[in-house]
Amino acid sequence: MNGMNGFPILTLLTALPVVGAIIALFTGKHARGVAMITALATLALSLVVWMHLPANGSIGLIEHHAWAPSLGIEYQLGVDGLGALMLVLSAIVALMAIDASHRVHHGAGLYFCLVLLLLSGLIGTFTALNFYHWFLYWELSLIPAFFLIKLWGGPKRGPAATQFFVYTMAGSVGLLLAFLAIFLVTGSMDFEHLTLLALTGELEQMVAAHLGAHVMLWLAILALAGFAVKVPLMPFHTWLPAAYSEAPSPVTMLLTGTMSKMGVYGLLRIALPLFGHQIAQMRTPLLVLAVMTVVMGAWASAAQKDLKRIFAYSSINHLGYCQLAIFALAIPATGAAMQASQAAALNGVILQMFNHGITAAALFWFISMIQMRSGGLRGVDDFGGLRKVAPVLAGLMGFALFSSLGLPGLNGFVGEFLIFRGVFPLSWVAGTISVLGLLVTAAVILTVIQKVFTGPVPERWATFPDMHPGERLSVAPVIGLMVLIGLVPQLITDSVNPTVVNLLAHWRF
Amino acid sequence: MNYADLFRAMLPETALEIAALLVVVVDLAFLRKAALNTRAAIAALLGIVGCLAGVWLMQGQGVATFSVDGTPGTALLVTGGYAAVAQIAILILTAFTLVLLLDSRFTRHVGEYVAVVLMSATGGLIICGAQDLLVIFVGLELLSLGLYILTAFAKRSGKSAEGALKYYLFGGMSAAFLLFGFSYLYGFAGSTNLQEVFAAIVAPDVSSSPLLYVALVAVAAGLGFKVAAFPFHLWAPDAYEGAPAPAAAFIASVSKVASFALLITITAAILPSRWSLLLVILAAASMFAGNLAALAQVSVRRLLAYSAIAHAGYMLLGLAYFSDRSRDALLYYIVTYALTTIGAFGVVGVVERATGTDRFDGFLGLNKRNPLLAAVLLVLFLSLAGIPPLVGFWAKFNLFAAVLTTHASGLSFALVALAVGFSAVSLYYYLQVLKRAFVMAPTDESRIKVDPVVMLVLLLIAAAVVVLGCFPALLQNWIGIASKAF
Amino acid sequence: MLAWTIYLSFAGALVLALLPKGKPGLARVFALLIAAAGFAIAVAGFAAGMGHGRTTITDVMWVPSMGIHYMLAADGISRVLVLLTGLAATAGVLFSWNIEYRTNEFFAFFLALIGGVYGVFLSFDLFLLFVFYEIAIVPKYFLIAIWGSTRREYAAMKLALYSFVGSAMVLIALLAAYAASGSHSTTLDFLAHAGLSPHFQMWAFPLTFVGFGILAGLWPFHTWAPTGHVAAPTAASMVLAGVIMKLGAYGCLRVAMGLFPHGMDPWGFSFVGIGSWRDVFAILAVIGILYGALVALVQTDFKFVIGYSSVSHMGFVLLGLMTLNQIGLTGAVLQMYSHGVIAGLLFAIVGRIVYDRTHTRQFGDLERMHLLRRLPFAAWAFVIAGMASMGLPGFSGFVAELQVLVGSWHATPWWTVAAGVGIVVGVAYTWRALQKAFFTDLRPTAEDHPASGWHDLGAITWPEIAGFSLLTAATLVVGLYPRILLDAIEPAVKTFLAAGGAQ
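Report follows, based on the coordinates. (Residues numbered from 1 in each chain as written. Chains lettered and ligands numbered in written order. Predicted model: local features only at pLDDT ≥ 70, side-chain atom pairs only at ≥ 80, totals over all residues. Heavy atoms only, no water.)

### What to know about the overall build of chain C
Short version of the rule: Helix and strand labels come from DSSP, where a helix needs a run of H or I of at least four residues and a strand needs a run of E of at least two; each type is numbered from the N terminus. Only the C-alpha atoms count toward the radius of gyration. The rule for a globule is 2.2 Å times the residue count to the power 0.38. For accessible areas, the Shrake-Rupley method is used with a probe of radius 1.4 Å. Any residue's cover is judged against the shown protein chains and nothing else.
The number of helices and strands found in chain C is 21 helices and four strands. For chain C, the C-alpha radius of gyration of 22 Å lies close to 23 Å, the compact-globule estimate for 503 residues. Taken along the three principal axes of its C-alpha coordinates, chain C extends 80 × 55 × 40 Å. Taken as a whole, chain C presents about 15,000 Å² of accessible surface, with 68% of it coming from carbon and sulfur.

### With respect to the packing of aromatic side chains
Any aromatic ring pair is given by two values, namely how distant the centres are and how the planes are angled relative to each other. Residues and elements named next belong to chain A. Put simply, the rule reads: When two rings of Phe, Tyr or Trp (its six-membered ring) have centres within 6.5 Å they constitute a pair, described as stacked for plane angles under 30 degrees, edge-to-face for angles over 60, and tilted for the intermediate range. Exposure is judged per residue with a 1.4 Å probe applied to protein chains only, and the accessible area is read against the type maximum: over 50% gives exposed, under 20% gives buried, and values in between give partly exposed.
Applying the stated rule across the entire model yields 82 aromatic pairs over all chains. Where Phe 131 meets Phe 179, the ring centres are 3.8 Å apart and the plane angle is 5°; that geometry is what we call stacked. Note that Phe 131 is positioned in helix α5 (residues 131-152) and Phe 179 in helix α6 (residues 157-186), a separation of 48 residues in sequence. A relative accessible area of 3% places Phe 131 in the buried class.

### Considerations on the interface of chain C and chain B
What counts, and what does not: When checking whether two residues touch, look at their non-hydrogen atoms; a contact exists if any pair is within 4.5 Å. Buried area: the sum, over both parts, of the accessible surface (1.4 Å probe) that disappears when the two are put together. The term salt bridge refers to a pairing of a side-chain nitrogen on Lys or Arg with a carboxyl oxygen on Asp or Glu at a separation within 4 Å. Pairs of N or O atoms are called polar contacts if they sit within 3.5 Å, as long as, within protein, a hydrogen donor faces a hydrogen acceptor (for residues adjacent in sequence, only side-chain-to-side-chain pairs). For this scheme, ten residues count as nonpolar: Ala, Val, Leu, Ile, Met, Phe, Trp, Tyr, Cys and Pro. Four count as charged, namely Asp, Glu, Lys and Arg, and the remainder, Gly too, count as polar.
At the junction of the two partners, chain C supplies 35 residues and chain B supplies 38 residues. Summing both partners gives a buried area of about 3,200 Å² for chain C against chain B, and 79% of it is carried by carbon and sulfur. Contact with chain B buries area across many residues of chain C, yet Phe 164, Ile 172 and Leu 175 of chain C alone supply 18% of it, more than any other trio. The interface formed by chain C and chain B holds one salt bridge in total. Across the pair Glu 153 of chain C and Lys 435 of chain B runs a salt bridge, and its minimum N-O distance is 3.2 Å. The tally of links from chain C across to chain B stands at seven residue pairs in polar contact (both at pLDDT 80 or more). At the level of secondary structure, the elements contributing two or more residues to the side of chain C that touches chain B comprise β1 (55-63), α5 (126-135), α6 (137-147) and α7 (152-180) of chain C. A total of 14 residues in the side of chain C that touches chain B trace back to one element, the largest contributor, which is α7 of chain C. Tallied by class, the residues present in the side of chain C that touches chain B amount to 29 nonpolar, two polar and four charged.

### Section: the interface of chain C and chain A
Interfaces are often sized by the accessible area lost when the parts come together. Facing 31 residues of chain C, the contacting portion of chain A comprises 31 residues. When the two sides are added together, the surface that chain C and chain A hide from each other amounts to roughly 2,600 Å², 79% of it contributed by carbon and sulfur. In terms of surface lost to chain A, no three residues of chain C exceed Trp 380, Pro 393 and Trp 431 of chain C, which account for 21% of the buried area on that side. At the junction of chain C and chain A, the tally comes to zero salt bridges. Counting the contacts that link chain C with chain A gives five residue pairs in polar contact (both at pLDDT 80 or more). Where the side of chain C that touches chain A is concerned, the elements lending two or more residues are α17 (376-390), α18 (396-411), α19 (413-437), α20 (462-480) and α21 (483-500) of chain C. Among the elements that line the side of chain C that touches chain A, the one with the most residues is α18 of chain C, at eight residues. Of the residues assigned to the side of chain C that touches chain A, the class counts are 22 nonpolar, five polar and four charged.

### Side note on the packing of helix α17 (residues 371-385) of chain B against helix α19 (residues 410-438) of chain B
Residue and element names in this part refer to chain B. Note the threshold: Between N-to-C directions, angles cover 0 to 180 degrees, with each direction set by a line fitted to C-alpha atoms, over the stretch in contact for helices. Roughly parallel here means an angle under 35 degrees, roughly antiparallel means over 145, roughly perpendicular means 65 to 115, and every remaining angle is called oblique.
Two elements in contact, α17 and α19, have axes separated by 9 Å at closest approach and are oriented at 170°. Comparing their axes, α19 and α17 come out roughly antiparallel. Contacts from Ala 374, Ala 375, Leu 377, Leu 378, Phe 381, Leu 382, Leu 384 and Ala 385 of α17 reach α19 at Ser 423, Ser 426, Leu 427, Tyr 430, Val 433, Leu 434, Ala 437 and Phe 438.

### With respect to a nonpolar patch on the surface
Residues and elements named next belong to chain A. As a reminder of what qualifies: Patch membership requires over 30% relative accessible area and the absence of a salt bridge. Like charges are linked within 9 Å, and nonpolar side chains (Val, Leu, Ile, Met, Phe, Trp, Tyr) within 5 Å.
A surface patch of nonpolar side chains, amounting to about 590 Å² of accessible area, comprises Phe 424, Trp 428, Val 429, Ile 433, Leu 436 and Leu 439. Among the elements that take part in the nonpolar patch, helix α18 (residues 428-453) stands out by supplying five residues, more than any other. By secondary structure assignment, the location of Leu 436 is in helix α18.

### As for unusual backbone geometry
Met 234 of chain A connects to Pro 235 of chain A through a cis peptide bond whose omega is 0°. Residues Pro 388 of chain B and Pro 389 of chain B are joined by a peptide bond in cis, for which omega reads 0°. Of note in the backbone geometry, Leu 61 of chain A takes a positive phi value of approximately 55° without being a glycine. The phi angle at Arg 102 of chain C is positive, at roughly 50°, despite the residue not being glycine.

### Quick look at the nonpolar core
Rules: Among the buried residues, those of types Ala, Val, Leu, Ile, Met, Phe, Trp, Tyr and Cys that are joined through side-chain atoms within 4.5 Å form a nonpolar core.
Judged by nonpolar contacts, the single largest core of 623 residues is most densely connected at Trp 134, Leu 268 and Phe 366 of chain A, Phe 381 of chain B together with Phe 438 of chain C. No other element matches the 20 residues that helix α14 (residues 336-373) of chain A contributes to this core. What Leu 268 of chain A contacts, discounting residues up to four positions off in sequence, is Leu 82, Pro 273, Ile 326, Leu 346, Val 349, Ile 350, Met 353 and Trp 507 of chain A.

### What to know about the environment of Ala 379 of chain C
Residues and elements named next belong to chain C. Within the element layout of this structure, Ala 379 appears in helix α17. Taking the C-alpha atoms as reference points, Ala 379 and Val 354, separated by 25 residues in sequence, lie 9.4 Å from one another. Dropping the residues within four chain positions of it, Ala 379 is found in contact with Leu 372, Phe 438 and Phe 439.

### A closer look at helix α2 (residues 24-49) of chain C
What counts here: Under the convention used throughout, the expected extent of a helix is 1.5 Å for every residue step, that is, one less than its residue count.
Helix length check: α2 of chain C, at 26 residues, gives a terminal C-alpha distance of 37 Å against a target of 38 Å (1.5 Å per residue), a fit within 8%. Looking one or two places after α2 of chain C, you find Gly 51 of chain C, whose phi comes out positive at around 90°.

### So, helix α12 (residues 283-302) of chain A
Residue and element names in this part refer to chain A. Here α12 spans 28 Å end to end across 20 residues, near enough to the 28 Å set by a 1.5 Å rise per residue. Buried within α12 we find Arg 283, Leu 286, Leu 287, Ala 290, Val 291, Thr 293, Val 294, Val 295, Gly 297, Ala 298, Ala 300 and Ser 301. Those residues of α12 hidden inside the fold are in contact with α9 (215-230), α11 (249-281), α13 (307-328), α17 (411-426) and α18.

Quick look at the structure:
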């Protein structure tokens, strides 16, 4: 089968933003409109893809062409529940980011062109099933992000962009080396084929035979390094706070909403299938790092004064849960109970990817709204009592804040619940310590609410404008989505769960 | 001795002599009142006619040996074979050098000039076919004495007199050495015939005799002088610098052709290994000295002189490793080299007259002042440097290939490698002149005028250099076929 | 048909030399027509040759007495390189559109150079190859000496002499091979099968490899390259780094490795891990990769960065050649194409787009010129070219370097590690150049940005856009769909390895 009933929808989905990008580049004033239309079309297509997923959770909508057979390069695209969900997420966050970019100071055409190119890179990463194209999109998404930070960012954007670039590049080099080695040994770059080899243990044997006894472990570390930088995993996170805070808010939305998910996706699509056994061997140190990420992320966010930095560290914390669950489930299952926990954890990870993506993006959107109204100020101590002067803003942002906190009834809760549900039986120590993260996060968010929204209103904010109808209209669907998923998570889990089962069946620890 | 046969054998020489006398007579008798240009034109024309007549007369000669009593042991002259190749080349080249006279102002005695040129050329022709030591010497002296006079012809120039004097003194001494060497050879053989000499010196008691070595060294000295090999080259820079341009062209081309033809004859006759050794030493030394000294020059004429020494070095390699193949390659080389040199001196002459100097700086901006002339210079100098697809490259390649095919040993290979390496070095100094002509800005932008006939001839030479380089088979085949007959 | 690339170029050069001076517009258009025609023929020839192995174009006796043939032929490797030459020629003419001084002669020399290059890639007789190889030397000299910039006369002479010395070494080997094989013929086929003794090949190989390697930028004979590239006018740099260096690599492949494969056999003893000429040259290649990259990292002149990066990238080609396996050699040829295009792009940007307007190449000065705002085309063009140069996927360099790394791993893992380090340093110096020249963090001072506005730097002209698009498309298409070239290169490499009898 080729594509969806023979129609190459995934290729179209990847190409569409590129076309939009080129058009946007040359239409300076109307670039935002072009970008909006493109993002909407992408969202529509990605929902179509979501509808056509195979019911058994395997990879569907496959498109396959020979590309450079002598090098093991095939043009192979396909999605399962995980991939399709990421596609929808990317489209939604892109739409949000474009919506949030009302006033681009200079070079609007280029700006939206880069945003759309980034979207294309994301889509490519989530659909490619052969390392060559996957890596191409992985690397190429780096470039627009770099320029978006560098050219439209805040005062310290230069060093922030540089750091971002250097770290991500370094991680990518590790990934490339690992895959080169694998290609050397197997002659293949195909994810599915390699997964099957790893499942039977053949991959490990081949590597040991050709390259040496412990090389597989090193390859695993190299691959992990690439993803560890992206997600991020402490201590490879140091690029993130600067990048997130210096980038213009819409770009931060993209960074936190989607690009960090690339890293988690990589862990799920590449690291666990190919290096599951090695990850299981390194489980303890990895869990330590994950727990550190959760706890220190939360702790660090508590120490921040800049709203953007608070939520930057908070993102680190939230993604730490994903990694916690991933490393916790990397253990050979002995019995149905363990399998159930693993399934729960994995479901949680995937849900958390989606939910955090939307929530974090929304949060940064709100921060940008505040920043615009305050003339650039975004320190947590700069405000007070905004609830009184801007009740709608406070209310809607409140939803987002509570979702981030993990309040049941909102989407943030579901993912975290499933994660802990899965992690506790698998590693109760890690789970227990991570709860600290939950507590600290709660404290941070409540503090933010208290300082920003409650209390006396300072003189200067007496005329703080509330959200106007246009903004309300834009934000409302997102908030609605948060509530909807919080109340009816089956909308997602029904499609994701078969994929989870399928994935777990192909992983060997 | 049948004088009819002798006459037949020496028809071309006779034609030249008659032409020479005719030129003098016509000039003295009929052209006393004419303008210098006219006189020069007529004299040159008559000379050229004489040369062409000589070529035509050679057609009927065929391959023949002229000897005193019909035996090879008393052969005096041969015609045909490689000797004919050299003779035809000499005649044609002489014609070219006469054309260069048209644009020059160095003397009023144009008739005498042309006559001396023709007489020198006659000496050259004799040398090519000579088979007897004394005939060789006669021809050599006839050639050389003419050359000394030609060098001194620019009476108003002190350099001309200086060059001529050095040439004469040095030449006289070399002739003495040559005669001395010949006398020893006669002593061994009892005859002045080359075949007899060869038979004598390969006899075991002679071939190991140190006296033979002395003889060979003396002969090498004498002949080395003629081809300007190191260390017998000291006359060359001054002679090249002092002689008027057409005369320098003649010296650099025709006399070299004749001298190398002579060397071929002698080498073919005497083949002991010591002779080869001597030639190897001369070759290597000339390559070194010529190229290295050329690097330091600032005058184009002296540059050409030292490069001539270098080229002589390459050519001597062909003689050191002698065979039919290397002989043909050597002939090819010397003929094309001579042609190129005539062209080079033609250009130098024109530039000198326009700028008053032959230093590099006289060539500044030649590209703007006369693009055609600059193009000719480009072709000729690149050919001398050995850049394909010009004939100079083919000549070198052919010669080196012939050397290695004749005798592939460590030494021959090392020498060829050295020669190739030095060719690379030579590019540097040729480029110095070309750089002035094409790259650097001119100090004087006025147009340089050239006589149309001279320009035509220069273009012809440049075209020949390109065509012969692109289609080497043309000349190669002719030489190959002609020499085989011998 | 492909032979017409040669003839057209030389004919074009001749006509240009004779065109009336003072009409630069006419000269440019004519030169562009010839270059584009050559490119079109190259494309047509490439397409026509798909699926065929080696096709002979002409084979006539040139000098019968010595067995020298005028033999032109093309296999997959030749066709790819001819394609590259067409690209470089056309782009070179486009990027020289603004030359006003002695325009006719410039394009005449340029086309003569291109003609010689086409000739080398299509010759299958060693003598003919050598002739074309040498023909290319003189136009190079004049192009740099007359229209170049920094220390042009010195650079031109250095380049000419180095090239000539290199070709002298090749000539010696050619003469020796000719004599040793019985002086029958100089065609590559004959010499390859002439049964030259391993002893002979053992010294002929390094001599020839170094002779050609000089032009390919083999360390430590590469010193002409940075000086030469910097001094040369833009089009000449593009062709020099883009194509001429590939002449050298091609010579190493076709002549040194093709005719003297036993020269790469092990010596029988080994010294610090070096046991054959193959090891020696592989190590020199790796040193070149690292040296070029590290030196590029500290340059203050923009063009020198590119010049040294060329040395580094050529190291990949030479390393690929020394792997002696299918994937490594394929990668080497692909890298020849890829770097040819990318180097052309880089020099075009630095030389034509930036230097011709700013008259400085020093990073210190460029930083204060805030080119991102004043010359955005140059900045973004360099981003794309830089990405390609770094070897990012999507551009041809990625595939080529991938293949070379895999190939060299199969041969000797250590070389791969060192080469990999070179790639990383490559990212660093390209990054540094990008930052300093275009994306500086400095704020404009009052002196840089007077109240009256920026000093005008001149608009981007259509030839620059056209040239840029051509070259970018060339690297992008191959990067995204490498099969388009690999399908031609791989069979040719396979035949080469099978015939060579190399290890």
